[in-house]
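Each chain, written out:
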Amino acid sequence: MAVCVAVIGKDNSPLYIGGIGNDTSSDNELSRQWLVHTALDALEERLTTANPNNSGTNTTTARTDLRDLYLGLLFSTDTHKIYGYVTNTRIKLVLVTSSTSPSGSNIRDAEVRTALRRLHALYADAICNPFHLPGDQITSPKFDKQVKNIMLNNV
């Protein structure tokens, strides 16, 4: 079951962090933010990979093959699994799932990939709003409702 979804800007600033659940205490909110921010290190590491064209040299360059935007499982903890997705414009999408729930351990990679693609489409729709300023946080109630619908239904 999905616990948290985050949209992170090019400069690693959070544009949207949304979660589901009954517990809306500040401790829970801080733990979600901590999980998302720790995932950024793993996400940046995946984006900067060794260049496969230079055999024998181990130089790190920016990842050039962005046809597959889904980065897969970034890392897991005892209670959560964190997945990543990056857009062509370097906007990062992070999905945190619970690995302690009965359905959390049975999440397939295809389901997570589909959920992140749908989240990418929702993000594109949200920033196409003529009143949205690029780089600002997403405060749309419609976006929030649709993201929570994805979290409840897909993952």
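Located above this text is the structure these notes cover.
Not measured: the values here are computed from a predicted model. (Residues numbered from 1 in each chain as written. Predicted model: local features only at pLDDT ≥ 70, side-chain atom pairs only at ≥ 80, totals over all residues. Heavy atoms only, no water.)

Draft legend 1. Layout of the packing of helix 2 (residues 109–127) against helix 3 (residues 141–153). Axis separation between helix 2 and helix 3 bottoms out at 10 Å; the angle between their running directions is 175°. The orientation of helix 2 with respect to helix 3, classified from their angle, is roughly antiparallel. Between helix 2, through Ala115, Arg118, Leu119, Leu122, Tyr123 and Ala126, and helix 3, the contact on the second element is made entirely by Phe143, Gln146, Val147 and Ile150. Classifying every residue of the contact of helix 2 with helix 3 by side-chain character gives eight nonpolar, one polar and one charged. (Axes fitted to C-alpha atoms, helices over the stretch in contact; angles between N-to-C directions. Helix = DSSP H or I, 4+ residues; strand = E, 2+ residues; numbered from the N terminus. Parallel < 35°, antiparallel > 145°, perpendicular 65-115°, else oblique. Contact = heavy atoms within 4.5 Å. Nonpolar A, V, L, I, M, F, W, Y, C, P; charged D, E, K, R; others polar.)

Draft legend 2. Structural view of the sheet that holds strand 5 (residues 70–76). Sheet architecture is open: five strands sit in the order 2-1-7-6-5, paired in antiparallel fashion. At either margin of the open sheet sits one strand with a lone partner, and together these are strand 2 (14–19) and strand 5. Neighbouring strand axes in the sheet, compared pairwise and without regard to direction, differ in orientation by 15° on average. Across six bridges, the pairing between strand 1 (residues 2–8) and strand 7 (residues 92–98) is antiparallel. Across the sheet, alanine 6 pairs through a bridge with valine 94, a residue of strand 7. Set on the sheet, helix 2 makes contact with strand 1, strand 2, strand 5, strand 6 (80–86) and strand 7; between it and strand 6 the angle comes to about 50°. (Pairing = 2+ DSSP bridges.)

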